[in-house]
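Now for the letters of each chain:
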Amino acid sequence: MQVGKAEPLSAVNRRPKITVVGAGNVGASVAQYTVERELGDVVLVDVIEGIPQGKALDLAQAGPVHGYDSSLIGSNGYDETAGSDIVVITAGLARKPGMTRDDLLFKNAEIVSAVVEQVVARSRDAILILVTNPLDAMVQLAWRKSGFPHQRVVGMAGVLDSARFRTFIAQELNVSVENVTAFVLGGHGDTMVPLPRYSTVAGIPITELLPSDRLEALVKRTANGGAEIVNYLKSGSAYYAPAASVVEMVEAIVKDKKKILPCAAYCDGPYGVPGFYVGVPVKLGRQGVEQVIEIKLTADEQAAFQKSVEAVRELVDKLKL
Ligand SMILES: NC(=O)c1ccc[n+]([C@@H]2O[C@H](COP(=O)([O-])OP(=O)(O)OC[C@H]3O[C@@H](n4cnc5c(N)ncnc54)[C@H](O)[C@@H]3O)[C@@H](O)[C@H]2O)c1
């Protein structure tokens, strides 16, 4: 080590730069959890004047209380996002009661296309995490628009869906959520495929702990997990658990954890999927999606997964990508 020759800290060890586009319910919560865990500095972008600036300033002022030094900037433009390591895209409309995720398709496709164009022009090496619904179609669209390798474009859905499944399993068995792992495959929507066989409590498959009718009820509740919250909230959709799920992915990337998480990832071959995005378990690390993990499915599971893949394909076809 040479005394007196040290480079400035910023040159050798700058904090990761994380842009969050869309400063609404999910985006603002992503920013909050990200700085609370000091995963990096955050740039919050939104089209509504004052919202990203106000929320960023408010969150920065929570820093002294929570003890974080991450910086926060809010903006209506993209210049401040230049050189981002990760860009989380939550911009778009949320579901209203009675509205399906598919209803959002065309409006949100327009928004996501415009956002991706702005983002990639300034952050050529970023990893994009898509959140906007309908998720599987939006992530496919973002990948096409960005021209990025598919490893650097990924969608958040499975982490949330499995977190919901884990919550319900833990409540049913009256055990810690920390003991519960759960596995969800397929598209983010009503055709998602929770896999009880691969879901465990302290390593014990839940198929050995719960009768099949209860299991079926939990699976059904998981598949309707988003709608259940929309119906309570009346305006807007879930955001605490979605944001927590995004931040688990951000952390896996920033810390190069190589964590196995269910994400919307590009599959060309695995699970028989012919070249598009769908929810599968992946290894998430500094390079983005470093591996798609293929597990054996029973005939019934494969059929349910196939149905889910078809639903995704239908949406993607509508976008004529
Ligand atoms: N993948 C998932 O599991 C999951 C979970 C929850 C929500 N979502 C989706 O995430 C999206 C955001 O949800 P929310 O609850 O935060 O909604 P929200 O309405 O609270 O926030 C969306 C924000 O996007 C902004 N916006 C709109 N157009 C924009 C543009 N062109 N550029 C920048 N910002 C723009 C809006 O001004 C708004 O502040 C929705 O599409 C919702 O369906 C997905």
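For the structure given in this document, a descriptive report is provided here. (Residues numbered from 1 in each chain as written. Predicted model: local features only at pLDDT ≥ 70, side-chain atom pairs only at ≥ 80, totals over all residues. Heavy atoms only, no water.)

### Some remarks on the pattern of salt bridges
Item 1. Applying the stated rule across the entire model yields 13 salt bridges.
Item 2. The shortest N-O distance in the salt bridge between aspartate 85 and arginine 14 comes to 3.1 Å. Placement of aspartate 85 in the loop between β3 (72-75) and β4 (86-89) and of arginine 14 in the loop between α1 (9-13) and β1 (17-21) is noted, with a sequence separation of 71 residues between them.
Item 3. Exposure remark for aspartate 85: the relative accessible area of 28% places this residue in the partly exposed category.
Item 4. Here aspartate 79 makes a salt bridge to arginine 122, at a shortest N to O gap of 3.0 Å. With aspartate 79 in the loop between β3 and β4 and arginine 122 in helix α5 (residues 105-122), this residue pair connects regions lying 43 residues apart in the sequence. (Salt bridge = Lys/Arg side-chain N within 4 Å of Asp/Glu carboxyl O. Helix = DSSP H or I, 4+ residues; strand = E, 2+ residues; numbered from the N terminus. Buried < 20%, exposed > 50% of the residue type's maximum accessible area, 1.4 Å probe, protein only.)

### Thoughts on the pairing of β1
Item 1. Summarising burial for β1: 4 of the 5 residues are buried, a large majority.
Item 2. Bridge analysis of β1 against strand β2 (residues 41-45) gives 5 bridges, and the strand direction is parallel. The residue bridging threonine 19 from the neighbouring strand is valine 43, located in β2.
Item 3. Of the crossover connections in this fold, the one passing from β1 over helix α2 (residues 25-36) to the parallel β2 is right-handed.
Item 4. Bridge analysis of β1 against β4 gives 4 bridges, and the strand direction is parallel. Looking at the pairing, threonine 19 lines up with valine 87 of β4. (Pairing = 2+ DSSP bridges. Right-handed = clockwise from strand over helix to strand, strands pointing away.)

### Comments concerning the packing of helix α6 (residues 135-146) against helix α11 (residues 299-319)
Item 1. One can describe the packing of α6 onto α11 by two numbers: an axis separation of 9 Å at closest approach and a directional angle of 50°. The pairing of α6 with α11 is recorded here as oblique in orientation. The way α6 lies across α11 gives a crossing that is right-handed. The segment α6 lies against α11, with Asp136, Ala137, Met138, Gln140 and Leu141 engaging Val312, Leu315, Val316 and Leu319. (Axes fitted to C-alpha atoms, helices over the stretch in contact; angles between N-to-C directions. Parallel < 35°, antiparallel > 145°, perpendicular 65-115°, else oblique. Left-handed = near helix turned anticlockwise from the far one by under 90°. Contact = heavy atoms within 4.5 Å.)

### Quick word on the packing of aromatic side chains
Item 1. Scanning all chains against the criterion turns up 6 aromatic pairs.
Item 2. Geometrically, the ring pair formed by tryptophan 143 and tyrosine 266 is tilted, given 4.6 Å between the ring centres and 45° between the ring planes. Placement of the pair is tryptophan 143 in helix α6 and tyrosine 266 in strand β12 (residues 259-268), with a sequence separation of 123 residues. Accessibility classification places tryptophan 143 together with tyrosine 266 in one group, the buried group.
Item 3. Their ring planes at 50° and their centres at 5.4 Å tell us that tyrosine 271 and phenylalanine 305 sit as a pair that is tilted. Of this pair, tyrosine 271 sits in the loop between β12 and β13 (274-285) while phenylalanine 305 sits in helix α11, and the two are 34 residues apart along the sequence. Across the pair, phenylalanine 305 and tyrosine 271 agree in class, each one buried.
Item 4. Taking the ring centre of phenylalanine 148 as reference, the NZ or CZ of arginine 152 above it sits at 4.4 Å. (Phe/Tyr/Trp six-rings, centres within 6.5 Å; stacked < 30°, edge-to-face > 60°. Lys NZ or Arg CZ within 6 Å of the ring centre and 35° of its normal.)

### A word on the site of the ligand
Item 1. Within the structure, the ligand sits among 26 residues, and Asn25, Val26, Asp46, Leu93 and Met156 are positioned closest to it.
Item 2. Between the ligand and asparagine 133, the relevant distance is 3.0 Å, taken from an oxygen atom to a side-chain nitrogen or oxygen of the residue.
Item 3. The separation between an oxygen atom of the ligand and a polar side-chain atom of histidine 188 is 3.0 Å.
Item 4. When the ligand sits alone it has 850 Å² of accessible area, and the protein chains cover 87% of it.
Item 5. Breaking the shell around the ligand down by element, the ones donating at least two residues are α2 and α5.
Item 6. If one sorts the elements of the shell around the ligand by residue count, α5 sits on top with 3 residues.
Item 7. Of the residues contributing to the shell around the ligand, the split by class is 16 nonpolar, 9 polar and 1 charged. (Near = heavy atom within 4 Å. Polar contact = N/O pair within 3.5 Å; in protein donor to acceptor, adjacent residues only side chain to side chain. Areas by Shrake-Rupley, 256 points an atom, 1.4 Å probe, with all protein chains shown as cover. Nonpolar A, V, L, I, M, F, W, Y, C, P; charged D, E, K, R; others polar.)

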